[in-house]
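Each chain, letter by letter, is given below.
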Amino acid sequence: MRFLRLADSRDRGVGSIRRNGKHGCTPSPELLEARELLASTPFSSLTRSEAAAWYRDVFDPLAEVVPGWTGDVAAGIPGSLSTSYRNATLGRINAYRYLAGLNDDVGIDPEKSRLAQAAALLMSANNQLSHQPPTSWTHYTSDGAEGAGNSNLALGAAGSFAIDLYMEEPAPAGHRRWLLYPPQTHIGIGDIPTPTGGYRPSNAVHVLRFDGPRPEAPFVAWPAPGYVHHSIVPDAWSFAVDASADFSSANVSVVSGSTSLPVSVVSRGGPNYGDPAIEWTVAGITDEAPLVDRDLEVEITGVRVGGVVRDFRYSLTIFDPDRPGTDDSPVPPPDSGNGTSSSVAFVQPRVSVAESATFVDVVLSRSGDLAESSSIGYATFPGSAGSSDFTPVSGRVVFAPGVATAVIRVPLIPDRSHEPTESFVVRLTDPSGLSVGGTTSATVSIIDDDARQPRIVSVRGIRTRKALTEVAIAFDGTVATPTPDALSTIQLRRAGRDRRFGSRDDKRVTLRGIALDETTGEIRVRLARGFQPRELLQLVVSAGGLQDSTGTLLDFAESLGVSAWTLRS
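S.K.: When you look at the overall build of the chain in this model, what are you seeing that I'm missing?
M.R.: Each helix and strand in the chain was counted, giving 8 helices and 31 strands. In the chain, which comprises 569 residues, the share counted as buried stands at 50%. Look at the contacts in the chain between residues 6 or more apart in sequence, and 70% of them connect residues 24 or more apart. When the accessible surface of the chain is summed, it comes to about 25500 Å², and 50% of that surface belongs to carbon and sulfur atoms.

The following block contains the structure:
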């Protein structure tokens with residue numbers, strides 16, 4: 001339980017707010033560095049391991065910056081914050097926007113920050129929150145009042161921790177909706193992070209007076225599509241499209257595997273915090289760390305956008321980055337409800353192919369209205385099969401008018417090694433002119449069809465009257481009678497006086513013959529002369545000559561690994 005209070009800044013209409021012109025914002029080196037840490041790849045496209053690394057290397061460190069605050073609440077001094085602390089708080093906001101698929105380059109407006117700092121001082125000094133603080137408040141100033149009227153406000157937390165709490169709040173989640181409002185370009189940040197004398201920390205984020213263009217974003221969902229750290233899962237989930245969205249007849253479903261989870265809609269637009277949003281709770285979903293990844297499919301149907309009824313679907317996986325996962329592929333891409341009357345699906349979501357094949361075809365089928373052209377992106381992602389097993393491919397499949405079927409061809413890389421069945425994933429992305437029906441990924445299993453060659457398991461000496469006269473080679477499978485040239489593939493060397501091999505002293509031992517022992521299944525190599533005890537010998541086997549039961553030459557270099565054995569006479 002976090003003990004704090006939040007207050008929302010309601011939209012009073014941009015036109016009714018006195019504007020002082022756009023305040024320029026020159027990013028500091030620290031801010032630029034923070035922005036560079038935010039990957040250019042959409043978060044929803046990251047693999048599990050990439051998402052885990054992002055949370056660890058980018059998200060978590062933003063809460064570990066020293067404030068460097070210079071103010072004094074008792075004396076009514078707002079003070080200032082270290083650049084790194086303010087940029088870390090801004091970085092936290094941009095990190096959440098990145099997770100939500102929005103622009104992550106919101107900047108700091110110095111004038112808005114000055115007003116927000118004065119507002120934060122008022123909240124700490126009076127130990128309460130208000131967007132219209134009365135003039136009777138301790139240390140009241142007009143700057144503080146103006147900042148309070150245009151800001152998200154928190155009491156009991158500052159910096160990145162306050163941003164986290166804005167994102168976690170229950171419906172109508174006004175703080176979250178302002179932080180994730182698409183047109184945001186410049187905000188102000190005020191913090192009282194380390195007050196003394198019994199005062200509580202506070203935060204103000206100046207979120208009004210936005211004047212940026214609306215970026216292209218099909219929707220804003222929280223939690224967002226992709227891998228979601230369990231710790232940021234809120235009680236109230238939210239979904240917004242744009243200012244024209246009407247959720248009065250919308251329905252929400254959340255599915256885990258084949259189970260539909262109980263959903264309770266708690267708001268269908270709510271007060272005017274940024275864009276209208278529908279908000280709901282999901283029974284059984286909490287911010288506790290799951291033992292295994294939890295894949296969820298969210299569907300919002302019956303949303304009227306610009307007068308057109310649209311349906312939206314997206315996927316997310318709640319996970320614990322500190323636990324290993326079994327699937328490293330990205331989550332399926334969202335369906336942004338483009339209102340099309342055709343859909344595409346995999347003919348076979350699970351495809352098997354022999355490893356000896358040179359390619360595998362994954363077939364797509366389009367249904368519905370085929371009169372118009374449409375397209376969809378695709379990409380392969382490794383699983384237990386990697387780049388040594390198949391050639392990664394990506395691109396777009398284009399359906400011409402009237403065409404219902406398309407093929408994604410993935411080249412395979414056969415090898416001669418005996419391996420278990422391995423798999424990779426073909427994922428569909430970014431549909432245009434059609435929707436995705438059924439699953440958005442197909443699993444391709446590569447089945448090993450290499451006959452495993454027998455392996456050498458032991459080499460032993462056979463003595464006659466104490467002298468070593470034969471060497472027996474045992475296998476873990478059946479081998480054929482050696483061919484006449486098999487003897488040339490086997491060498492036996494005797495160590496010299498330094499008892500080492502590879503020196504000028506060691507000598508090659510003459511071999512007299514080779515044969516298969518029908519009783520034991522061993523290959524026996526006869527020596528031209530016997531060796532007395534305490535001689536050090538080395539047997540070296542190279543490719544060729546020896547065959548398995550099918551007549552295939554044994555490839556010692558690739559199949560047997562070790563090809564040299566040391567033994568004593």
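S.K.: Whenever I open this one, the pattern of salt bridges confuses me. Can you help?
M.R.: Two side chains bearing opposite charge may form a pair once their charged atoms approach each other closely. Tallied over the full model, the rule gives 11 salt bridges. Arg-409 is paired through a salt bridge with Asp-361; the nearest N and O atoms lie 2.8 Å apart. Here Arg-409 is found in strand 20 (residues 405-411), whereas its partner Asp-361 is found in strand 17 (residues 359-368), with 48 residues between them in sequence. We note a salt bridge from Arg-524 to Asp-517, for which the minimum N-O separation is 3.3 Å. Residue classification places Arg-524 among the partly exposed residues on the basis of a relative accessible area of 22%. Residues joined by salt bridges that share partners form a network here, namely Glu-111, Arg-114 and Asp-143.

S.K.: Hey, could you run me through the sheet that holds strand 18 (residues 374-382) in this one?
M.R.: Within a sheet, each strand pairs with its neighbour through backbone hydrogen bonds, oriented either parallel or antiparallel. On the basis of which strands lie adjacent, the open sheet formed by 5 strands has the order 16-23-21-18-19 and mixed pairing. Looking at which strands have only one partner, the edges of the open sheet turn out to be strand 16 (350-354) and strand 19 (394-399). Strand-to-strand twist of the sheet, defined as the mean angle between neighbouring strand axes without regard to direction, takes the value 25 degrees. Sheet analysis places strand 21 (residues 422-432) next to strand 23 (residues 441-447), joined by 6 bridges and oriented antiparallel.

S.K.: How should I be thinking about the sheet that holds strand 20 in this particular structure?
M.R.: Read across the open sheet, the 4 strands follow the order 20-17-15-22; overall the sheet is mixed. In this open sheet, the two strands that pair with only one neighbour each are strand 20 and strand 22 (435-436). Sheet analysis places strand 17 next to strand 20, joined by 7 bridges and oriented antiparallel. Each residue of the ladder has a partner; that of Leu-364, found in strand 20, is Ala-406.

S.K.: Got a minute to help me understand the packing of aromatic side chains in this structure?
M.R.: By convention here, two paired aromatic rings are described through the distance between centres and the angle between planes. Per the counting criterion, the structure on display carries 20 aromatic pairs. Their ring planes at 80 degrees and their centres at 5.9 Å tell us that Tyr-55 and Phe-59 sit as a pair that is edge-to-face. In this pair, Tyr-55 and Phe-59 are both assigned in helix 2 (residues 48-59), 4 residues apart and thus about one turn of the helix distant. With respect to class, Tyr-55 is no different from Phe-59; both count as buried. Relative to Tyr-314, the ring of Phe-219 has its centre 5.4 Å away and its plane inclined at 35 degrees; by these criteria the two rings are tilted. With Phe-219 in the loop between strand 5 (202-206) and strand 6 (220-222) and Tyr-314 in strand 14 (residues 308-319), the pair connects residues that are 95 residues apart, well separated along the chain. For the residue pair Phe-219 and Tyr-314, the accessibility class agrees, reading buried in each case. Each residue in the set Phe-43, Trp-54, Tyr-55, Phe-59, Tyr-96, Tyr-98, Trp-222, Tyr-227 and Phe-319 is aromatic and connected to the rest through ring pairs, giving one cluster. A cation sits over an aromatic face here: Arg-92 above Phe-59, 3.8 Å from the ring centre. The cationic tip of Arg-409 hangs over the ring face of Phe-359; the distance from NZ or CZ to the ring centre is 3.7 Å.

S.K.: Help me out: how do you make sense of the side chain of Ser-130 in this one?
M.R.: With respect to the secondary-structure elements, Ser-130 resides in the loop between helix 4 (110-126) and helix 5 (142-149). Reaching out from Ser-130, the side chain makes a polar contact with the backbone nitrogen of Gln-132 at a distance of 3.0 Å. Excluding residues within four positions of it along the chain, Ser-130 makes contact with Met-123, Trp-137, Ala-148 and Leu-153.

S.K.: What should I look at first to understand the side chain of Thr-47 in this one?
M.R.: Position of Thr-47 relative to the elements: it lies in the loop between helix 1 (29-37) and helix 2. Residue class for Thr-47 comes out buried when judged on its relative accessible area of 11%. In this structure the side chain of Thr-47 is engaged in a polar contact, spanning 3.3 Å, whose partner is the side chain of Ser-49.

About the thresholds
- Residues numbered from 1 in each chain as written.
- Predicted model: local features only at pLDDT ≥ 70, side-chain atom pairs only at ≥ 80, totals over all residues.
- Heavy atoms only, no water.
- Helix = DSSP H or I, 4+ residues; strand = E, 2+ residues; numbered from the N terminus.
- Buried < 20%, exposed > 50% of the residue type's maximum accessible area, 1.4 Å probe, protein only.
- Contact = heavy atoms within 4.5 Å.
- Areas by Shrake-Rupley, 256 points an atom, 1.4 Å probe, with all protein chains shown as cover.
- Salt bridge = Lys/Arg side-chain N within 4 Å of Asp/Glu carboxyl O.
- Pairing = 2+ DSSP bridges.
- Axes fitted to C-alpha atoms, helices over the stretch in contact; angles between N-to-C directions.
- Phe/Tyr/Trp six-rings, centres within 6.5 Å; stacked < 30°, edge-to-face > 60°.
- Lys NZ or Arg CZ within 6 Å of the ring centre and 35° of its normal.
- Polar contact = N/O pair within 3.5 Å; in protein donor to acceptor, adjacent residues only side chain to side chain.

Scope: geometric values only; no functional claims are made or implied.
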